[in-house]
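Remarks on the overall topology
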Amino acid sequence: MSVHGENLLWGEWRGAHRVDVVGLGQCAIDQVAVVDSPPEFTGKKRIFDLTRLPGGQIATAMLACTRLGLRTALVSAVGDDAASGIVLEPLRMAEVDLSGVRVVAGADSQLSVIVVDRETGERTVLWHRDPRLSVKVGEVRRDEIEQGRVLNIDAQDPDLSTWAAGVAQEAGIPVVLDADTPAPGIDALLRRVDFPIVSREFAEKHFGTRSPRDFLRGLGALGARFPVVTLGDRGAVAGGREGVIESPAFQGAARDTTGAGDVFHAAFIWGLLE
């Protein structure tokens, strides 16, 4: 493996970076409500179970990476409310480096209301983010990005993610992207990502096709080294120069699919580093 023109052995490569993975993006407090069928916009529904849990796609992925034995750091923002303690406590207990988490005075931490169908485990996510939690380019130092062997980002603050991906590219650090909703400017971000791992819904909306192979070709045309599309209960499909890989989903009864994609990202990163 070569970094900055020097050939490094595995142990030296690991030692050259303070952590294995830097996660840049979302952390949140989740209100998870279990109901007996998907909700409609009218009428009333009984909640069979209601829990308040830490979440957010990048925070969840960093916790999963840590539990897989990787050293991790999170760059994100929370409010100075009581919810921030719930969001950060499991990460702190797992020894995720939280020095890059900004605490924004007067802001509320990001909130998600997640409605789970207790029969299928499928969920609907409603979320709210205080605009003051947006982290701007110039508020993150380059060394916060360069300290890791892999950068894992979302697209919540696309300008920041695009800048961070560029910093990682210049340092020879591979970039993994978690994207679930197309947005203006997303192509500029995708062009700086080595391993975009996107949902089927993202791929269908962005590329206007239902063909997994078309998804992969579209992502590859934007510069991805090895794009991945997750297909829910159909597993995942990935592709590179060597061809297409189709991986079926694990079989089992799902109680709650919340966070499944985040853990998929963590396992992918673990495999990449192995």
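Refer to the structure printed above.
In short, a report on the structure. (Residues numbered from 1 in each chain as written. Predicted model: local features only at pLDDT ≥ 70, side-chain atom pairs only at ≥ 80, totals over all residues. Heavy atoms only, no water.)

Looking now at the overall build of the chain. Along the backbone of the chain there are 9 helices and 15 strands. Taking 19 Å as the expected radius of gyration for a compact globule of 274 residues, we find that the chain reaches 19 Å, a close match to that expectation. A total of 274 residues make up the chain; the buried ones form 47% of that total. Put simply, 62% of the contacts in the chain that link residues at least 6 apart link residues at least 24 apart. Per element, the accessible surface of the chain, about 14200 Å² overall, is 52% carbon and sulfur. Looking at the chain, you have 29 positive and 38 negative side-chain charges, and the mean spots of the two groups are 2 Å apart. (Helix = DSSP H or I, 4+ residues; strand = E, 2+ residues; numbered from the N terminus. Rg over C-alpha atoms; globule rule 2.2 N^0.38 Å. Buried < 20%, exposed > 50% of the residue type's maximum accessible area, 1.4 Å probe, protein only. Contact = heavy atoms within 4.5 Å. Areas by Shrake-Rupley, 256 points an atom, 1.4 Å probe, with all protein chains shown as cover. Lys, Arg positive; Asp, Glu negative; His and termini not counted. Charge placed at Lys NZ, Arg CZ, Asp CG, Glu CD.)

Below, the discussion takes up a nonpolar patch on the surface. Together, Leu111, Val113 and Leu126 give the surface a local cluster of nonpolar side chains, amounting to about 220 Å² of exposed area. Mapped onto the secondary structure, Val113 falls in strand 8 (residues 111-117). (Patch = residues over 30% accessible without salt bridge, like charges linked within 9 Å, V, L, I, M, F, W, Y side chains within 5 Å. Salt bridge = Lys/Arg side-chain N within 4 Å of Asp/Glu carboxyl O.)

A side chain of one charge can pair with a side chain of the opposite charge if their charged atoms are brought near each other. Enumeration according to the criterion identifies 16 salt bridges in this entry. Here Asp157 makes a salt bridge to Arg129, at a shortest N to O gap of 2.9 Å. With Asp157 in the loop between strand 10 (148-154) and helix 5 (158-170) and Arg129 in the loop between strand 9 (123-128) and helix 4 (142-146), the pair connects residues that are 28 residues apart, well separated along the chain. There is no split in this pair, since Asp157 and Arg129 are both buried. One salt bridge connects Arg142 with Glu146, and the closest N-O pair in it is separated by 3.8 Å. With a gap of 4 residues between them, Arg142 and Glu146 both fall in helix 4, about one helical turn apart.

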